[in-house]
Each structure stands twice: as C-alpha cells, then as structure tokens.
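Remarks on the overall topology
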Amino acid sequence: MHQFTGNLVGLWLRGVTRWVTRKRCRFALVTPPFLSRQVLLAKDGQSPLQLFARDRHDMNMYNYMFLDEPYSFRKMKREACITKAFDDIVRDKARPFIVDCGANIGSATVYFGQTYPQATVVAIEPEAGNFAVLERNCAQLGNVRPILAGVSNQSGMADTIDTGLGHDAFRTRVSDTGTTPLVSMNDLLREAETRGEKPFIVKIDIEGFEAQLFSSDTEWVDKFPVVIIEFHDWMLPRQKTSQNALRVLAGLDRDFILKGENIFSISNRLRNPQSADS
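Below you will find a few notes about this structure. In this text the structure is predicted, and so the values were computed from the model without any measurement.

A short note on the pattern of salt bridges
Using the criterion set out here, one finds 13 salt bridges in the structure. For the salt bridge of R54 with D58, the shortest nitrogen-to-oxygen distance reads 2.8 Å. Using a relative accessible area of 36% as the deciding quantity, one classes R54 as partly exposed. R254 is the partner of D222 in a salt bridge, and the nearest nitrogen-oxygen pair spans 2.8 Å. Here D222 is found in the loop between α7 (210-213) and β12 (226-229), whereas its partner R254 is found in strand β13 (residues 254-259), with 32 residues between them in sequence. Looking at D222, the relative accessible area reads 19%, which means it is buried. With a relative accessible area of 10%, R254 lands in the buried category. Here the residues in one salt-bridge network are R26, E69 and R74, joined through shared partners.

Pasting the structure below:
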C-alpha cells in the first residue's frame, strides 16, 4: 500500500515537464489524469504503452511508479554489480526471472517489463478486480505472465479480504475454505528453472502476508540477487508481520538498504565489473 498523494493534474504536469527537460527521467504519463486510458512513454526506445485507470487510486499508483521509480537502482552504490548480475544471466543464454508479489494493477510489473525486456516477469495478484486491470496493462508486453493467486510459503487456499482502504490494500488470509489459490515461491522457482530462467529480482508488497511467506520454506530467498520488500508494521501494529522476514534476511550474507517505503536486500556474492571488493 503506497501513500502517494497530491493534486493529480499538478503531478501530471510535473511528470511531463521532467520527462522533457531531464535526461535521467525515463517515463512520462502524457495523457491528462482524468482519462481512463493513460499513455506511457519511455525514453529508451520502447513503444508507447496504454495503461488503464479506474479512479484516483490507480492514477496514484502510476504516478508513484513512473514519477518516483521506487524500484530503480540508480544512485545506489550496488547498481553496477546488480547490472552485471543481469548481464551475466543473459550472457549465459538464460532469461532473468523477476517475480512481482502483490502486483495489484501491474504498475511495477510494467516497470520491470519495460526496464528489463530480456527478463520474464511473473505477476502475482490475488484480487480479481485488480487482476483484470493487470492483465489489460500487461497484454502489450510479451515478457509478462500474470497469475491470479496469492503468494505464500506453501501452496494452498486463502480468503481475499477487502480492508476498505483502496485497491492497493487487499489482504490474504490462509483458509481451507478460501477461494483464492496460493502459490509457493519454491514452486515458482522450480517452474522457472525448467524454462531456462534464473532468479534476478523478487519484489514483495503483500499487505502483511509477508509474515506467512517467510514463516518456512525460505530456500528461495538467497537464490535471488535482489529482494525488495515493503513491511507493514506501520499498518498492523503489534502483529510482528516483519519479524520472520527480518530473521531470514539477517541470517544471510546480504546488504540491507532502505529506500523510501522499501527495503532492498542485495546478495553480497555479487561483484562489480571491475572490482572484486565492491
């Protein structure tokens, strides 16, 4: 759940101005924000994409993703080694494997798909209304595979709960009588390996369900060079929803970098192109 606020027209004008005047601004939503069909332009050669917005919540998600670029590695000291990890996978004639857990309407999925066109992006979203928009947004991208499900430590079933806080705040709860399937990260990785894909990034924003995801069967974690996670203790006080993830990540040889709402956990096995010590 992202706390991105502001006047939508003002944000739109700011984004278009930045895209025109700044070389390092990669994306712009060039359509006025009161239109349901948004046109996304990118400076690095991709064709324009259409994104679909139901309301202000969706527009806020797009502004957050393509104005702020919260998942960019630019200006990080680890940027070079992350880029090298991607290039090494491609050089080995494999496809980098990116998982978007809690994909919502696909804003991060589109961001990853556009940024890494040689990768496969699996987008996992449990709520049917969000998933319908996600499918429309990602239909233009040939490297995205949407899955209507939640993500967990083990496969199973869950309830999808509407918290009343907006499209980006649906939660999942394990339930034998639930109607939402749960897929496990280890199963996703096994399937990816059969397709010749290698782990690269997993992004996790699942509204507190990270407590369940990291409760067991966490072999997958250190296989990903980069884990990006938003914790939700601020939203769910005294429930210790970050505890399991912190315990798992702290036991591995990884850096821990705070950027905005997200924690970037980066494997220390990665090395910069020209330095064995960075």
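What about the sheet that holds β12?
Strand order in this open sheet of seven strands is β6-β5-β4-β11-β12-β14-β13, and the pairing throughout is mixed. For this open sheet the edge positions go to β6 (144-148) and β13, each flanked by a neighbour on one side alone. Pairs of neighbouring strands in the sheet enclose a mean axial angle of 20°, with direction left out of account. Note: β13 against strand β14 (residues 262-267), six bridges, orientation antiparallel. Looking at β14, one finds that L258 is bridged to I263. Against the sheet, helix α5 (residues 128-138) engages β5 (120-125) and β6, with an angle of about 170° to β6. The strands touched by helix α6 (residues 185-194) within the sheet are β4 (95-101), β5, β6 and β11 (197-204), with β4 carrying the most contacts at an inclination of about 155°.

Observations concerning the packing of helix α2 (residues 56-68) against helix α4 (residues 107-115)
As a packed pair, α2 and α4 sit with axes 9 Å apart at the nearest point and diverge in direction by 30°. Our classification of the angle between α2 and α4 gives roughly parallel. In this structure, α2 crosses over α4, and the sense of that crossing is right-handed. Packed against α2, whose contacting residues are M61, Y62, M65 and F66, the element α4 presents S107, A108, V110 and Y111 at the interface.

Quick notes on the rules
Residues numbered from 1 in each chain as written. Predicted model: local features only at pLDDT ≥ 70, side-chain atom pairs only at ≥ 80, totals over all residues. Heavy atoms only, no water. Salt bridge = Lys/Arg side-chain N within 4 Å of Asp/Glu carboxyl O. Buried < 20%, exposed > 50% of the residue type's maximum accessible area, 1.4 Å probe, protein only. Helix = DSSP H or I, 4+ residues; strand = E, 2+ residues; numbered from the N terminus. Pairing = 2+ DSSP bridges. Axes fitted to C-alpha atoms, helices over the stretch in contact; angles between N-to-C directions. Contact = heavy atoms within 4.5 Å. Parallel < 35°, antiparallel > 145°, perpendicular 65-115°, else oblique. Left-handed = near helix turned anticlockwise from the far one by under 90°.

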